[in-house]
Structure formats: C-alpha cells, structure tokens
Amino acid sequence: MNKPYWGLWTLLLVALLFFVGLSFWTDGISIGGFEIKTAPFAQQTSEYISGKDRARADKDADSTSWRAPMDTTAKSILFIGDSMLEGLAPRLAAYCDKNGHTLVEVIWYSSSTLCWGETARLTELIKEHHPDYIFVCLGANELYVPDIKSARKPFLKKMLAEIGDIPYVWIGPPNWDKDTGINDMLAENLAKGCFYLSANDEFERSRDGAHPTRESAHKWMDRVVKWIGESGAHPFRLDDPGPGISRASRIVVYQPPK
C-alpha cells in the first residue's frame, strides 16, 4: 500500500475508534463548549436484551393463559361413556361427595362416538340435568375401526357441538393393544387441556384382558383428577377423599346398541 494512503487509513481508524468509544459513554462529551449527545450502544444492547427477556416472560405467562383459574364452587357433573364407567364413576363419586359436587352417571354399554353422535341422547341429557361440567370416557370400542378419522370424526364433532361451552374432560381409552387412530383423532379435535390420554398408562386387567380391574380403574381416576388440577383447561376443586368409592347421585344405564 502506498505511504500516502497510510495516513488516510490511520485517520479513518482513529475516527472509528473514537465513535465506537463514544457510543459507550453514557453521559455525553463536552468539547470547546459544545456537548456531544451520545446514543449509548451498551445501553441499547441492554435494552434489547431486556426487551427479549420481557417478551420471553410475556410468552411464558401466556403459555398458561388458556387455563381457567381454579374453580372452588360446587359442580353438577354429568359423566357419560361406555362400560369403563363401571370402574371410573364410583371413584369420581367419592371425589364428588368429598367436595360437594353432584354426579349423574350414564353408562351406555358398548357405545362409541358413532352411537352418541348419531343420536340426540347427549343433548337430551344436558337439557335434563343441566351439568356445568362433563366427563366423557369413550373410545375403547373403537380401537380397531379402519380409517377412523373419516368414519368417526363427524360424530365426534357433533358431540362437541352438543357440549358447547360446558367445561369437559374426555378420558381416552385404556389401550390394551395398538389402536388404528382413535387417540390421534381425539387429540387432534378436542380442546387443549380437555383430553386425558390413557393409552400410555399402566393397568392391571380383568379376565377379558381389556377392562382394568376395579382397583386399577380407581387409580386411573385418581390420575385423571391429578391431571385436571395440574394440566386441565378447567380445573376445579377435587380434594382427595382418601381411599374408597361412593355412588353417583343418579345412575342411568342404556343397553348395547343393536
């Protein structure tokens, strides 16, 4: 490089270092009666990082905004489903007795989303009992339905439309075998915090190899209750009643569909 250019490059470098240093000087500089105001780089960087932290904090706060606050009021609960209710409902009834809730248990043996979705039975039960919380346990009779998303999604959607704005929890089937998509269909269509996936739970099975034993079903219900309090979209008061079961305020039984 020619020597005349060394002086120019040196001058430019000195000027660059001056302005970089100036950017970190937070109070400004006074030269010959003139004050040079600075826009501190360090301060701007700090503000940028703080802004990211705030955004992250806002995101973290919003990550649970879909969850309603804990509801401590007494509830009128409707629990509908298939034969799995034989083991689940008595344990839920114990929680209801402990916490001042009322429970209507509706067992439709061998029922499915198809059975409930193609009838008005759910709408009729809601009109009759005016529940402010609904439990559903369905899917065990649909483990092997081929192309289930096409075959059953319309009926699931109809059930959800009937439930409407009523808080609900859908308890998935206690898989004893790999399913053809019932759990995926439920997970994709049920509201966040409203689907309890049971397929990965461990169960002791009764002689048929499908239904959990009564004791295992009671533990299943305990897990569901714990999940509602920790991860459910609509948590409500379900203090531990201790060991034992109880009986629903009303039990309705429908025979298997023909």
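Rules of the game
- Residues numbered from 1 in each chain as written.
- Predicted model: local features only at pLDDT ≥ 70, side-chain atom pairs only at ≥ 80, totals over all residues.
- Heavy atoms only, no water.
- Helix = DSSP H or I, 4+ residues; strand = E, 2+ residues; numbered from the N terminus.
- Buried < 20%, exposed > 50% of the residue type's maximum accessible area, 1.4 Å probe, protein only.
- Contact = heavy atoms within 4.5 Å.
- Areas by Shrake-Rupley, 256 points an atom, 1.4 Å probe, with all protein chains shown as cover.
- Phe/Tyr/Trp six-rings, centres within 6.5 Å; stacked < 30°, edge-to-face > 60°.
- Lys NZ or Arg CZ within 6 Å of the ring centre and 35° of its normal.
- Pairing = 2+ DSSP bridges.
- Right-handed = clockwise from strand over helix to strand, strands pointing away.
- Axes fitted to C-alpha atoms, helices over the stretch in contact; angles between N-to-C directions.
- Parallel < 35°, antiparallel > 145°, perpendicular 65-115°, else oblique.
- Left-handed = near helix turned anticlockwise from the far one by under 90°.
- Nonpolar A, V, L, I, M, F, W, Y, C, P; charged D, E, K, R; others polar.

Participant: How would you sum up the overall build of the chain? Please name residues and give values.
Facilitator: Across its full length, the chain holds eight helices and eight strands. Expressed as a percentage of the 258 residues in the chain, the buried residues total 40%. Counting contacts in the chain only where the partners sit at least 6 residues apart, residues at least 24 apart contribute 77% of the total. In the form shown here, the chain has an accessible surface area of approximately 14700 Å², with 56% of it arising from carbon and sulfur atoms.

Participant: So what's going on with the packing of aromatic side chains? Residues and values would help.
Facilitator: For the structure on display, the rule yields eight aromatic pairs. The interplanar angle of 70 degrees and the centroid separation of 6.5 Å between the aromatic rings of Phe135 and Phe236 together place this pair among those described as edge-to-face. With Phe135 in strand S5 (residues 133-137) and Phe236 in the loop between helix H8 (214-231) and strand S8 (250-254), this residue pair connects regions lying 101 residues apart in the sequence. Across this residue pair, the class does not change: Phe135 and Phe236 are buried. One residue, Arg121, lies across the ring of Trp108, its end atom 4.3 Å from the ring centre. Over the ring of Tyr254 we find Arg121, and its NZ or CZ is 3.6 Å from the ring centre.

Participant: Run through the pairing of strand S6 (residues 168-171), naming residues and quoting values.
Facilitator: Judged by which residues are buried, S6 turns out to be covered on both faces: Tyr168 and Trp170 on one side and Val169 and Ile171 on the other are all buried. Here S5 runs beside S6; their pairing, made up of four bridges, is parallel. Bridge pairing links Val136 to Trp170 in S6. Handedness of the β-α-β unit built from S5, helix H6 (residues 148-163) and S6 comes out right-handed. In this structure, S6 lies alongside strand S7 (residues 195-196), joined through two bridges in parallel fashion. Residue pairing in the sheet places Trp170 in a bridge with Phe195 of S7. Following the backbone out of S6, through helix H7 (residues 182-189) and into the adjacent parallel S7, one traces a crossover that is right-handed.

Participant: Requested: an account of unusual backbone geometry, with residues and values cited.
Facilitator: You will see that Ser110, though not glycine, has its phi angle at about 60 degrees, which is positive. Considering the arrangement of structural elements, one finds Ser110 in the loop between strand S4 (102-108) and helix H4 (113-117). Despite not being glycine, Asp147 has its phi angle at roughly 45 degrees, a positive value. Here Asp147 falls in the exposed class, since its relative accessible area comes to 56%.

Participant: Residue-level account of the packing of H6 against H7, with values.
Facilitator: Where H6 meets H7, the closest approach of the two axes is 10 Å, and the angle between their N-to-C directions is 40 degrees. In terms of axis orientation, H6 runs oblique to H7. Along this stretch, H6 crosses H7, giving a crossing that reads as right-handed. Here H6 contributes Ile148, Lys149, Arg152, Lys153, Leu156, Lys157 and Leu160 to the contact with H7, which in turn contributes Ile182, Asp184, Met185, Leu186, Glu188 and Asn189. Of the residues that constitute the contact of H6 with H7, the class distribution is six nonpolar, one polar and six charged.

In short, the description is geometric, and any link to function would need to be established separately.
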